[in-house]
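# Inside the fold
Read off the chains here:
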Amino acid sequence: MTRNPTPDIQILNPINYNHWDELVGKSPDCSFFHTAAWIRVLSESYHYAPVCFVSDDKENPSIIPFMDVKSILTGRRGVSLPFTDYCEPIIPGDINFQDVLDRIIQYGKRVNWEFIELRGGEKFLPDARPSSIFFGHRLDISRKDNEIYGSFKDAFKRNIKKAYASGVSVQFSGTREAVGEFYRLNSLTRKRHGLPPQPYRFFRKVYEHIISKDQGVVALAAHDKRFIAGAVFFHFGNEVVYKYGASDKKYQNLRPNNLIMWEAVRWHRERGCKSLSLGRTEIGNQGLRQFKLALGAEEYTIRYYRYDLKSGSFVAEPEKVSAFQTGIMSKLPVFVLKFIGKAYYRHAG
């Protein structure tokens, strides 16, 4: 059998390449996380340099976007992509993935990367050791409303009815003020989970490059003129991504999160979206997993890979935040956690 020639690989910066979204949009494997908007948000929020490997075939290109993460705490790494639920390498069927990976490894050695990290790529690395494994969930929203609603678990439907009966309402907004309200709720939620919130600068960039450009929206649940829960959604093509969710625990009994998801399904379906990605879920987070399964979502696994350039092998992901650390942080004031988050996330990508 004749082997296909190794593709010529160039490095592009989507921020400076006007046709990036058109390029990635050629592939059925593309997602919102491949877009120039998301790459710009990461770059400007955390000062990462985009390093995107692209073959010279403009009609059917290979594309693997990376960020050059330089950190005195976590080392210098090529990450595809930081803070991203999944980012499958875009590799056409006639291209050997290992050839492309070899080019990336050569580049990484030249610039002193310690690791190469991939948020996806299982079909190209069936024998490699994953660094982390998560659940992914996807919901078909191309169906009629009654068919989608009928696929929900009975408890989920009861919670939607309870939210309606309690006077909870949901609004969708693309304003800076809506982003600010979500950030407030997100800070409360992160404290509850023993984690620092992302810096406000990040959400400001999300507003600037995604939401204000009609590539995303904020959903806010209100009760008695007070916002009690929220979610942030991104979209590209026919797919919408549920990226962030937050709520005020004092109002949890009103079930606003269930209502947000149902109204978000309807809102995005009316605007032509066909698929709702519910993002990633940690294996041990059974509560969140059951919430997503109660929507009738299809479950699959998402595997991350971490390649150690020194040993030339795939290795496990080091623990980033221990249970002891989360226990301490859950007791800290929100303003202290915000300060920690501002310093921490730059290194955690």
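First, a word on what this report is: a plain description of the structure on this page. Source: prediction; values computed, not measured.

## A short note on the overall build of the protein
A tally of regular secondary structure across the protein gives eleven helices and 13 strands. In terms of overall dimensions, the protein is globule-like: its C-alpha atoms have a radius of gyration of 21 Å, near the 20 Å expected for 349 residues. Oriented by its inertia axes, the alpha-carbon framework of the protein measures out at about 65 × 45 × 35 Å. The buried share of the protein, taken over its 349 residues, is 52%. Contacts in the protein between residues at least 24 apart in sequence constitute 75% of all its contacts with a sequence separation of at least 6.

## Re unusual backbone geometry
What is expected of a backbone is that most residues other than glycine have negative phi and most peptide bonds are trans. A cis amide bond links S80 to the next residue, L81, at an omega of -5 degrees. Look at D214: it is not a glycine, yet its phi comes out positive at around 65 degrees. Within the secondary structure layout, D214 lies in the loop between α7 (200–211) and β8 (216–223).

## What to know about the pattern of salt bridges
Applying the stated criterion across every chain yields a total of 20 salt bridges. Between R76 and D68 there is a salt bridge, with the nearest N and O atoms lying 2.6 Å from each other. Members of the salt-bridge network, linked through shared partners, are R40, E44, K205 and E208.

## Describing the packing of helix α2 (residues 36–46) against α7
Two elements in contact, α2 and α7, have axes whose closest approach is 9 Å; the angle formed by their N-to-C orientations is 150 degrees. Crossing geometry of α2 relative to α7 is assigned as right-handed. Facing α2, whose interface residues are A37, W38, R40, V41, E44, S45 and Y46, α7 presents R201, F202, K205, V206, E208, H209 and I210. The residue makeup of the contact of α2 with α7, split by class, is seven nonpolar, two polar and five charged.

Criteria and thresholds
Residues numbered from 1 in each chain as written. Predicted model: local features only at pLDDT ≥ 70, side-chain atom pairs only at ≥ 80, totals over all residues. Heavy atoms only, no water. Helix = DSSP H or I, 4+ residues; strand = E, 2+ residues; numbered from the N terminus. Rg over C-alpha atoms; globule rule 2.2 N^0.38 Å. Buried < 20%, exposed > 50% of the residue type's maximum accessible area, 1.4 Å probe, protein only. Contact = heavy atoms within 4.5 Å. Salt bridge = Lys/Arg side-chain N within 4 Å of Asp/Glu carboxyl O. Axes fitted to C-alpha atoms, helices over the stretch in contact; angles between N-to-C directions. Left-handed = near helix turned anticlockwise from the far one by under 90°. Nonpolar A, V, L, I, M, F, W, Y, C, P; charged D, E, K, R; others polar.

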